[in-house]
Amino acid sequence: MLKFRRPTGPLVALLVLAAGSASAQDLASFEKRVTSKTLDNGLTVLVCERPVAPVFSFFTHVNAGGVQEQVGQTGLAHMFEHMAFKGTDRIGTKDFEAEKKALAKVEAAFLAYDAERRKAAGRDAKKVADLEKAWKDAMAEADKLVVSNEFGQIIDQAGGEGLNAFTSWDETGYFFSMPANRLELWAYLESGRFLTPVFREFYKERDVVMEERRMRTDSSPVGRLIEQFLAAAFTAHPYRRPVVGWASDLAAFTATDAERFFKTYYVPSNMVLTVVGDVKASEVMPVIETYFGRLPKAPKPEEIRTEEPPQIAEKEIVLVDPSQPFYLEGYHKPSAYHPDDAVYDVIGDLMTSGRTSRLFRGLVRDKKVAAYAGGFPGFPGDKYPNLFLVFGVPLPGKTNAEVKDAVRAEIERLKNEDVTDAELQMVKTRAKANLIRRLGDNQGLANQLGGFQARYGDWRELFRSIDRLDKVTKADIRRVANEIFVPKNRTVGRIETKAADAAPAQPAPAAKEEKKS
Amino acid sequence: MNRFANRALAAAAAALLLAPAPLLAQAKDWKEIPTPPLKSFSIAKPKRVALPNGMVVLLMEDHELPLVNAFALVKAGRRDDPAAKTGLGAIAGEVWRTGGTKSKTGDELDDFLEARAAKVESGIGTTTASLSLSCLKGDFDAVLAVFDDVLRNPEFREEKIPLAKNQLNTSIARRNDEPMQIAAREATKLGYGPDSPYARVPEYATVAAVTREDLLAWHKRNVHPDRIVMGVTGDFDAKEMETKLRKLFGTWPKGPAAAPAPAPYRKEPKPGVFLVEKDDVNQSSIRLVHLGIEKKDPDYFPLEVMNEIFGGGFSSRLFSRVRSDKGLAYAVFGGVGNGWDYPGLFNVFLGTKSATTATGIDALMKEIKGLLEAPPTEEELKKAKDTILNSFVFRFDSKAKILREQAENEFFGFPADFLQKYRSEIEKVTAADVQRVAKKHVRPQDLAILVVGKSADFDRPLSSFGPVTTLDITIPPPPGEKKAATTDATKAAGRVLFSKAALAIGPAEKVAAVKDLTTKGKATVKTPQGEMELGITTQAVFPDRLRSEIQTPMGGMNQVLAPAGAFIASPMGNQDLPGSMRDEMLKQLQRSPVFLAQKANDPKLSVSAAGKEKVGEIEAQILDIAYEKLEVKWFVDPATGRLLRTSHSGTGPAGPATVITDYADFRPVDGLTLPFLHEVSQNGQKAQTLKVEEIRLNTGFDPKSFEKPAPKPAS
C-alpha cells in the first residue's frame, strides 16, 4: 500500500500532482498500464489495466458520424447505430438461411414500391397500393423469423451493465460493461455485430427513429430552434445537417443505403477498440485478435473535402412559439487540431463552470436576467471547424434582448480586459483536478482513452491536452476573443414567446428566418 | 494497487505481445463459450467510528487517485415539509450551501473552493438531506473546514433565497408541460393520497410562504450529530482521519431528544379509473399504481426476482410481450417498489399512441394477472436470477459505491452485511416464492388506472374500465391575485352596471340579433426588433367559431377556431393548435363585449361590482365577469356606461400575464356603438395598437372557411 508523506504549504494540491509517479493519475503511470496495438486488418486496440474490481468496460469508437452522410441520406449513421443492436447471422434469428431470403424479398418489395410512388408522371395509384401491401406482407413474413432483442438479452443475462451507444456528427460509439469472466463472450458479441450485422426489422426501426425525431426535435421548441440554427450557421459543411436526419430523408432511405454506409465506414482501419478494467494485456490481446482479427481489411474511407467558407455576414434565426423564450449565439472557430484549441477550452470553462463563472455571476447573480446561462466550444462537434456557443434562458418576465445585452457585455470584457491571474489559475487547477476525477472509472476511461486515440491517433493526448491548457496565457485569451467574437462571425438563434391572446400577432409555431446582411 | 509497478515485468510482457500469438479457437455459437468462475473478491469493509454524541462515521481508504470525497447524511427530508410550506425542504437544501455561513458569504465560499477545484454542495431528497465534499487530497484540511462551517453554521442569507424560490417557481410553471411527468406525479398522489407528504408538490403559495426564519429553524431542528451518518473515501490514512474527525465533531453536542413524527399516507387503496385530458398529444402516458413494500419486508428478495421477470430488462414480460407486440409501446416498465423506511409503490408505466390506449391497458392487466395465475417457468426464473446475480459484482465495483451502500444501511438501521445477504437470499428464491409474493403484493383489485392523453382518440372509451374521474391539474395561481369579495350586494350592483354597459353597446334587440361580427383593420405590433404592421381581418361567429386572417410583410396566414378544433393554415401547410391554444381562442371570442352583452340573462354569466379605478381621466367602475371558463374585468364609465377598458389574465409560459385593452374612437355600426381603436398592453408594456377600418355585422359565413384546407397530395 502506497503511503504519501503529507506535504504542507499553500500549493499543496499542485505539489502532489507534480510528485506522484506511483499513483494512477498521470501519463507516466498510464504508460505502464496501457498497451496499444494495431492489428493486421488496421484495427487499433488499447488495453488499460485497472484491477480495482473483477469487471471491465469497453468502448468502440467508429470514426464516422453524421458528417459522413451523403446529401439526401442524412440519418444513416444514426440508423446503423440502431441496427447494431439487432443481432447477427446467429443471434436474433430463428433460421438465418430462411431469414436471409425473406429480407432480400423485403428489400426488393420496398424498392419496387418506392420506385412507383416516386414517379412524377404516370404514377398508378392502384399499383402503388398493391406494391405497398406486398412490401408489408414481406415484412410480416420476415418478422416471423426474428428472435426479438436477443443481443441485449444475452448481455443482460451474463451480468452486463450500461448497454448503450450514441451517434454524433463526428463519430459513433458503442459501449457497455461486463464481469471480468465474460471477456470471450464480449469479444464474440462485439466483433460479431460488426462482422455480420443483419438489417432485420429495418423499416420498423426506421419508424421508431421517425418517432424519436418527432419527440426530440419536432415537438421540442429548443430542438427545432437548434436544427434551424445549425442550418443557418453552416452554409456548406455537413455540421449544418441534423444527425437524426431530415424527415424526408428518413422516410426515404433503404436498408441497401444503410448497408452501403456500413461497408464504407465500419472498417477496422477506421475504428478504435478500448478495454479498461481487470484485464491483463497479455491475456486479453490474443482473445481480441482472435475475434476482431476476423473483420476484413478494407481501405480507410476518404475524408470529406468540403470546408465551411468564412462567414461574412451576421445571421439570425427567430422562432416564434408559445413556449419559454430562449437565446443563443454561435461564433465560428477552428477545429480541435488548431494550436489555439486549449485557449477555447479555457474561455469555455471561464464562462460556464459553476457559480464563479462569468456568465453565472453576470447574468444569473448580478443582472438577474437569466435562470441559467453557459458558453462552450465544440458545437456541434470538434473534428472540423465548429462554433463557440453561448446561450441563456431568460427568467420569467425577462426578455431575450436583456439576455443578449448581458452576454455581449461579458464577451466585451473578455476582449478588452485581461482575465485575472486568480481566474486563470482556477481554470487550470480545475482542468487538472477534473482529469484526475475522470480516471477512477472504467467506462469513463475507456471513453476518454479511445476518444483521444480516435481523434488524435494517440491516447496520450488525454494528458497532453491538459499540459497545453496549462500554457495558455491572458494574452492568448484576449487575442482569440478578439478574433472570433465579432458581429460578422455571429449567428443568433432565439425563441420569442407568442402571446396567446393579443390578436394573433405573429405567425405561430412556424419558424421564421430573418437573414440580415 | 498497481500490478505493473515493476518496469521489468512490464517490458517482458510487452516483448511477449510483440511475438506473433497463435490464434485461439473462435466459438461458432455464443452458447459454446465457456464461462470461467468469477474470481472471488472480498468486499472491502469501511472502518466504523461511533462518536459519543451519536454521530457515526464510516471511513474507506482508496489510494488509486489523490482525491478525497465525503458526505454527511442527515435525517431530514422533503416529506417533513408542513403542508402550507411544501417546498421548504427543497429551498433549505439549496440555500444551506448557497446562503453561506456566519463568517463567509456563499460567493466567498464559491471563490475559495473553485480556486482549489473543490466542491462542497448540499441537497435534499424524500427522506434525507446531505452535504457533500470533493477535493484533491492536499486541500482536504482547508475544504473540511468549509464543510464543517456549512454543516454547523449556515446563515441562509436572504439574498440567495429568491434565486432558490425562482427555480422552484419555474418548475411549478412547467410541471404540466410533459405528459410523462404529469402521469408520474398524479400517480404518486393516487398511490399515497393527495395530501400525503409523499405526494404533495410545492405550489406558488406554499413557496412564497417560506421565510428565512423557517430555514434557520429547519437547520436547528434537524442538523445534529445523532441524526448524521458521515462517509469518507479517498487517499488518506484511516487512523489519522479518525483522529481528525473525532477532534472536529467529538465536542458537537447531541440534539434534543424529539423524534420526528412519521409522514402519513393513506393505507387503504383507492382503486378507480382516472383521466387527465391533454389535447396536444398523440400518445398516452398510462400508470397503474397501488402501495408497495418497505425494504425490511422479508418478501423484498423474492420481489426483486419477480420484478426482474415482470418488468426488468430485455427478457422481461413487459418488454418482450407488451412492447414487442407491434407498435404497442414506446416505453414500458414496472414493478413493486420499496422505500427504506416507508412503502414504495407498485408502479407500472406504459407509453403508447392514443389509438392503442385501451389495448395497452388490457395488455398490462393481462401481464399483471398472469403473475398471480401461475409461477414463472424455470427458464424465466433462471434468466432473472442470472441477470441479478451475474451483475451483482457491479454493486461493489468501486470503494465509493461500497461506502455509500454501507452508509445507507447504517443510516436506515439495516445490518452491515445486507449486501452479502442480498446475494444469498436471491439464490434461494424459487418459482413458488415468486408466485406467492405476487399474490400478496400485486393486487389488481387495488389498482388506480391513470391515463394522461387525448380521450377523443382512444380506441375504446376509458369508461370501459370503470367509472372515470377526470383530474384537474390546473396550477393554482400565485398568491396576491385576490379577486374582490363577492357578496349579494356586489352582485346586485354588478347587474345594474352590466345592464348599463350593455345598453351603451346598443339596444337589447339589436345586440341579441348579432350572429357574427367581422372586424377589419391594421395592427401595429411591438417586437424586440421594432414595430411591425399587420393587416388583420377577424370574423367571430357566435358561439364557437373564430377566424383571423393575418397579412404580414412575410406573407399571410389564417388562424381558425372551429368546433372540430383550432388550426393555423399558411402557404407552408396546416398545423393543429394544442388544446390550450384552442381554449385561448374560445376565450378571445367570448371576450367580445357584444357576445357578453348578449348573455345578460344567461345563468352561466356572473357579474360582481369590484371597486373603482382611474382610466385616463375617468374614475371607472370595475366589473368582475365570469362566463364558462372565461374571467374578465370590465372598466365602465359610470356616467355613460361606455366600456373603456377590459383586463384579463393569461397564463403564459413565463407565468401569469395581465392583458389590458383600452378602447377609443367609438362609432355607430348598424345601431350599435363600437370602438375603432384598441390599445393592448401586457404586464404594463405596450404590445399592440389595432386601428379598425371596418366592422360588419351578420354577413353570414362560409363553413368551408372554417375547415382545414385539403393537404397537398404526396409527391
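Residues numbered from 1 in each chain as written. Chains lettered and ligands numbered in written order. Predicted model: local features only at pLDDT ≥ 70, side-chain atom pairs only at ≥ 80, totals over all residues. Heavy atoms only, no water.

Caption draft 1: Highlighting the overall build of chain A. In terms of helices and strands, chain A carries 19 helices and twelve strands. The globule rule puts the C-alpha radius of gyration for 517 residues at 24 Å, and the 26 Å found for chain A is close to it. Dimensions of chain A, computed from C-alpha atoms along their principal axes, come out at roughly 75 × 70 × 40 Å. A total of 517 residues make up chain A; the buried ones form 61% of that total. For chain A, contacts bridging at least 24 residues in sequence account for 81% of all contacts bridging at least 6. (Helix = DSSP H or I, 4+ residues; strand = E, 2+ residues; numbered from the N terminus. Rg over C-alpha atoms; globule rule 2.2 N^0.38 Å. Buried < 20%, exposed > 50% of the residue type's maximum accessible area, 1.4 Å probe, protein only. Contact = heavy atoms within 4.5 Å.)

Caption draft 2: Looking closely at the overall build of chain B. A tally of regular secondary structure across chain B gives 20 helices and 26 strands. C-alpha extents for chain B along the principal axes are approximately 100 × 65 × 60 Å. Of all intrachain contacts in chain B linking residues separated by at least 6 positions in sequence, the fraction that spans at least 24 positions is 69%.

Caption draft 3: Representation of the pairing of strand β3 (residues 67-74) of chain B within the structure. All names here are of chain B. With seven of eight residues buried, β3 lies mostly within the body of the structure. Where β3 and strand β5 (residues 129-136) come together, eight bridges link them in antiparallel fashion. Counterpart to N69 in the pairing with β5 is S134. Pairing of β3 with strand β6 (residues 228-234) involves seven bridges; the strand directions are antiparallel. Counted as the bridge partner of V68 is G234 from β6. (Pairing = 2+ DSSP bridges.)

Caption draft 4: Geometry of helix α4 (residues 140-152) of chain B. The terminal C-alpha atoms of α4(B), which comprises 13 residues, lie 18 Å apart, in line with the 18 Å expected from a rise of 1.5 Å per residue. Listed as buried for α4(B) are F140(B), V143(B), L144(B), V146(B), F147(B), D148(B), D149(B), V150(B) and L151(B). (Expected span 1.5 Å × (residues − 1).)

Caption draft 5: Quick look at the packing of helix α3 (residues 76-83) of chain A against helix α8 (residues 202-218) of chain A. Residues and elements named next belong to chain A. One way to put it is that α3 packs onto α8 with a least axis distance of 10 Å and a crossing angle of 120°. One element, α3, and the other, α8, form an angle in the oblique class. At the point where α3 passes α8, the crossing takes the right-handed sense. Only F202, E205, R206, V209 and E212 of α8 make contact with α3, whose side of the interface consists of H78, M79, H82 and M83. The residue inventory of the contact of α3 with α8, partitioned by class, reads four nonpolar, two polar and three charged. (Axes fitted to C-alpha atoms, helices over the stretch in contact; angles between N-to-C directions. Parallel < 35°, antiparallel > 145°, perpendicular 65-115°, else oblique. Left-handed = near helix turned anticlockwise from the far one by under 90°. Nonpolar A, V, L, I, M, F, W, Y, C, P; charged D, E, K, R; others polar.)

Caption draft 6: Layout of the sheet that holds strand β1 (residues 34-38) of chain A. All names here are of chain A. Spatially, the six strands line up as an open sheet ordered β1-β2-β6-β3-β5-β4, and their pairing is mixed. On the outer flanks of this sheet lie β1 and β4 (161-167), each paired with one strand and no other. Across the sheet, the mean angle from the axis of one strand to that of its neighbour is 10°, orientation sign disregarded. Pairing between strand β3 (residues 55-62) and strand β5 (residues 172-179): eight bridges, direction antiparallel. Residue pairing for β5: F56 is matched across the bridge by M178. Its contacts with the sheet put helix α17 (residues 442-456) on β1, β2 (44-49), β3, β5 and β6 (271-277), and the angle it makes with β3 is roughly 30°.

Caption draft 7: Broad picture of the packing of aromatic side chains. Residue and element names in this part refer to chain B. Within this structure, the stated rule accounts for 57 aromatic pairs over all chains. Ring pairing ties together the aromatic residues Y300, F301, W340, F392, F396, F411, F412, F414, F418 and Y422, which thus form one cluster. One Lys or Arg, R116, reaches over the ring of F112 and ends 3.9 Å from the middle of that ring. Above the face of the F635 ring, R645 is positioned so that its terminal group lies 5.7 Å from the ring centre. (Phe/Tyr/Trp six-rings, centres within 6.5 Å; stacked < 30°, edge-to-face > 60°. Lys NZ or Arg CZ within 6 Å of the ring centre and 35° of its normal.)

Caption draft 8: Up close: the pattern of salt bridges. Residue and element names in this part refer to chain A. Here the structure, examined in full by the defined rule, presents 94 salt bridges over all chains. Of the charged contacts in the structure, one is a salt bridge between R479 and D340, with a shortest N-O distance of 3.0 Å. With R479 in helix α19 (residues 474-484) and D340 in the loop between β8 (326-333) and α13 (341-352), this pair connects stretches of sequence that are 139 residues apart. Its relative accessible area of 36% is what places R479 among the partly exposed residues. (Salt bridge = Lys/Arg side-chain N within 4 Å of Asp/Glu carboxyl O.)

Caption draft 9: Here's a closer look at the sheet that holds strand β10 (residues 331-339) of chain B. Spatial strand order, β9-β10-β11-β8-β12-β7-β13 (chain B): seven strands in an open sheet with mixed pairing. Each having just a single partner strand, β9 (293-294) and β13 (468-470) of chain B make up the two edges of the open sheet.

Caption draft 10: The arrangement of the nonpolar core in detail. Membership of the largest hydrophobic core comes to 71 residues, with the highest contact counts inside it found for F80(A), W186(A), F202(A), Y266(A), I288(A) and F292(A). Among all residues touching W186(A), those that are not within four sequence positions of it are F56(A), F58(A), F176(A), M178(A), L273(A), V275(A), I288(A) and F292(A). Within the second largest apolar cluster, 66 residues are counted, among which are L58(B), V273(B), V393(B) and L447(B). (Core = buried A, V, L, I, M, F, W, Y, C linked by side-chain atoms within 4.5 Å.)

Caption draft 11: Up close: the packing of helix α13 (residues 378-390) of chain B against helix α15 (residues 418-428) of chain B. All names here are of chain B. Two numbers describe how α13 lies on α15: the axes approach to 10 Å, and their chain directions differ by 165°. Judged by the angle between their axes, α13 and α15 are roughly antiparallel. Crossing handedness for the pair α13 and α15: left-handed. Contacts between α13 and α15 involve K385, I388 and L389 from the former and Y422, R423, I426, E427 and K428 from the latter. Tallied by class, the residues present in the contact of α13 with α15 amount to four nonpolar, no polar and four charged.

Caption draft 12: How the structure looks around the confidence of the model for chain A. All names here are of chain A. Chain-level statistics for chain A give a pLDDT mean of 90 and a share of 92% at 70 or above. In the predicted structure, residues 1-22 sits below a pLDDT of 50 and forms 32 contacts with residues beyond four places in sequence or in another chain. The low-confidence segment residues 500-517, where pLDDT is below 50, has 63 contacts with residues more than four positions distant or belonging to other chains. (pLDDT = per-residue confidence, 0-100.)

Caption draft 13: Seen up close, helix α4 (residues 96-117) of chain A. Residue and element names in this part refer to chain A. Over its 22 residues, α4 extends 31 Å from the first C-alpha to the last, a length consistent with the 32 Å expected when each residue adds 1.5 Å. Taken together, the buried residues of α4 touch α5 (125-143), α8 and α11 (255-265). Put simply, D95 is the residue that caps the front of α4, since its side-chain oxygen is 3.3 Å from the backbone nitrogen of E97. (Polar contact = N/O pair within 3.5 Å; in protein donor to acceptor, adjacent residues only side chain to side chain.)

Caption draft 14: View of unusual backbone geometry. Note that the residue after F379(A), namely P380(A), is joined by a cis bond; omega there is -5°. Inspection of the secondary structure puts P380(A) in the loop between β9 (370-379) and β10 (386-394). Note that the residue after F542(B), namely P543(B), is joined by a cis bond; omega there is 0°. Looking at the secondary structure, you find P543(B) in the loop between β15 (530-541) and β16 (545-552).

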